[in-house]
Protein chains: 2
Amino acid sequence: MKEKLSVVKIGGNVIENKTELEKFIKLFANLEGLKILVHGGGKLATHLASKLGIESKMVNGRRITDAESPEVITMVYAGLTNKNIVAQLQANQCNAIGLSGADGNSIQAHKRPVKEIDYGFVGDIDGVNSTTISNLIFSGLTPVFCAMSHDGEGQLLNTNADTIASELAIGMGNIYATTLYYCFEKPGVLMDVSDDTSVVKNINTKKYKELLNEGIIADGMLPKLENCFHALNNKVTTVCLGNMNMLDKNNTLFTTLTL
Amino acid sequence: MKEKLSVVKIGGNVIENKTELEKFIKLFANLEGLKILVHGGGKLATHLASKLGIESKMVNGRRITDAESPEVITMVYAGLTNKNIVAQLQANQCNAIGLSGADGNSIQAHKRPVKEIDYGFVGDIDGVNSTTISNLIFSGLTPVFCAMSHDGEGQLLNTNADTIASELAIGMGNIYATTLYYCFEKPGVLMDVSDDTSVVKNINTKKYKELLNEGIIADGMLPKLENCFHALNNKVTTVCLGNMNMLDKNNTLFTTLTL
């Protein structure tokens, strides 16, 4: 039987809030078993770009990474955010190692082709290097990925953190039984968006179709759930959706997705 | 017999010059055998701090890292500079992995005590984690260190790159026969500072004392050579001083130091 591996994705809203980040660090450090963390960068990059007089462009909620801003992204995501998370995990007895996709050639990608929109230096993932990553894990290290891949020709590429997390969970699925945790603001998929206690605890393929037909899964949850089932259809064992408290083993209020 | 390991330190002057950096990347990628790179950050951090309205303070040529600038240092050294070097090494078939001292708890330090001068968030090294670093090397990875250590309590610390390189060479000396390469502007220790061809090719302890007495080793070379002999007295096999061309196996014009 394959050993278990947890891949946890945490969003920018937690990263930006010192108290929330400290709380998360403790929860993640205490999470039992083998694990990988993937973090977004959020508004820190926008703030820094603005201070430096670089305008951040967003199209459909996605950042346009133009000629100057890859430098800002690299500084904030791979530098400030990643290393502070690593240093804080170390302070909590978690032997973390911070990585971009260029480190150990761990996440290979190509620059997104220009069609209607030029997203700039944004990467679409070609593959993850599961051998190198599992060697790190085998050495007792906990990989902490920022949301950057590389093209193998010297260019770092800004890459959606949700996608990095699912591609890592999929790629590592060859070696481990992977569980993917998407931490976001809500405690899970809600029957009633205004009621945080109305969490749908279990969703399988059949239930997913029902919830889609009933319009319970809508708006921002549509791509998120699509992404989850893409992972489940590609060797990921389980996907969990909820706020960071789902990492606490005494908490059961979150959504678990299986095929 | 111990396997050979090269620890190469490159300074800010090369990092800042795109053409020089490209040339160095190729030389380092082509260097045979096991290897580690240590890079400074140089003036990029000062430029960024200045753009952000943070004044960089220098005392005796050492940066004072105050409450705000650790963030700038982390962005530039661990982010922009480190990841660009890693991505470029990957493009040259060198499987690099970028690290700060917090990553894998690889370089442990404490904040320098305040005496006459408060250096701010500057680290004095307590030890290097040779087991973790050799595991990375054994996995086929080439560690690339920026000039940052950590205190194990969540704080990253700005640390002199020359010192990181010598402490790494010393620490890895338990496992490997280490050669330390200090790349700087000059082709080596010169008999006549105005003549770049007057390189002293070999210096041992006896020759070192002679050169000191003759005043040939003076000014900035004094602490550099002291550092070299400190390494040699602590299990480092050889120290080489010269410009980056000393990494070219056809070049013999540099200074080799042994006990």
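In this text the structure is predicted, and so the values were computed from the model without any measurement.

All names here are of chain A. With mixed pairing, the 8 strands of this open sheet are ordered in space as β5-β8-β2-β1-β11-β13-β14-β12. On the outer flanks of this sheet lie β5 (96-99) and β12 (202-203), each paired with one strand and no other. The pairing of strand β1 (residues 4-10) with strand β2 (residues 34-39) spans 6 bridges and is parallel. The residue bridging Val8 from the neighbouring strand is Leu37, located in β2.

Superposition of chain B onto chain A requires a rotation of 180° combined with a translation of 0.0 Å along the rotation axis, giving an RMSD of 0.0 Å. A rotation of that kind, with that shift, is consistent with a two-fold axis. Of the C-alpha atoms belonging to chain B, the one lying closest to the rotation axis is found on Gly79 of chain B, 1.8 Å away. Counting the interface residues of chain B, we find that 100% of their copies in chain A are interface residues as well, pointing to one common contact surface.

Residues and elements named next belong to chain A. The UniProt entry lists Lys9 and Lys224 under the feature "site: Transition state stabilizer" (unreviewed entry), expressed in the numbering used here. Spanning 216 residues, the named residues nonetheless gather at one spot, since no C-alpha pair among them exceeds 12.3 Å. Relative to the helices and strands, Lys9 is located in strand β1. A relative accessible area of 10% places Lys9 in the buried class. Once residues lying within four places of it in the same chain are set aside, the contact partners of Lys9 are Val38, Ala161, Asp162, Ala165, Tyr181, Tyr182 and Cys183. In terms of polar contacts, Lys9 uses its side chain to reach the side chain of Asp162, at 2.8 Å. On the secondary structure map, Lys224 appears in helix α8 (residues 221-232). Taking the relative accessible area as the measure of exposure, Lys224 reaches 18% and is therefore buried. With residues near it in sequence (within four places) discarded, Lys224 still touches Asp162, Phe184 and Leu241.

Turning to the packing of aromatic side chains, a few remarks are in order. A ring pair, where both rings are aromatic, is described by two values, the distance of the centres and the angle of the planes. If you walk through the whole model with that rule in mind, you get 4 aromatic pairs over all chains. Residues Phe24 of chain A and Phe28 of chain A carry aromatic rings whose centres are separated by 5.9 Å and whose planes lie at 25° to one another, so their mutual orientation is stacked. With Phe24 of chain A and Phe28 of chain A both in helix α2 (residues 18-30) and 4 residues apart, the pair spans about one turn of that helix. Residue class for Phe28 of chain A comes out buried when judged on its relative accessible area of 0%. Plain terms: the ring middles of Tyr208 of chain A and Phe229 of chain A are 4.1 Å apart, the flat faces sit at 10° to each other, and that makes the pair stacked. Of the two residues, Tyr208 of chain A sits in helix α7 (residues 205-213) while Phe229 of chain A sits in helix α8, which places them 21 residues apart along the sequence. In terms of burial, Tyr208 of chain A and Phe229 of chain A fall into one category: buried. The side chain of Lys111 of chain A reaches across the aromatic face of Phe121 of chain A, ending 5.6 Å from its centre. Here the guanidinium or amino end of Lys224 of chain B rests over the ring plane of Tyr182 of chain B, the centre of that ring lying 5.9 Å away.

Reading the values: the criteria
Residues numbered from 1 in each chain as written. Chains lettered and ligands numbered in written order. Predicted model: local features only at pLDDT ≥ 70, side-chain atom pairs only at ≥ 80, totals over all residues. Heavy atoms only, no water. Pairing = 2+ DSSP bridges. Helix = DSSP H or I, 4+ residues; strand = E, 2+ residues; numbered from the N terminus. Least-squares fit on C-alpha atoms with pLDDT ≥ 70 in both. Contact = heavy atoms within 4.5 Å. UniProt positions renumbered as here; feature names shortened; annotations may be inferred. Buried < 20%, exposed > 50% of the residue type's maximum accessible area, 1.4 Å probe, protein only. Polar contact = N/O pair within 3.5 Å; in protein donor to acceptor, adjacent residues only side chain to side chain. Phe/Tyr/Trp six-rings, centres within 6.5 Å; stacked < 30°, edge-to-face > 60°. Lys NZ or Arg CZ within 6 Å of the ring centre and 35° of its normal.

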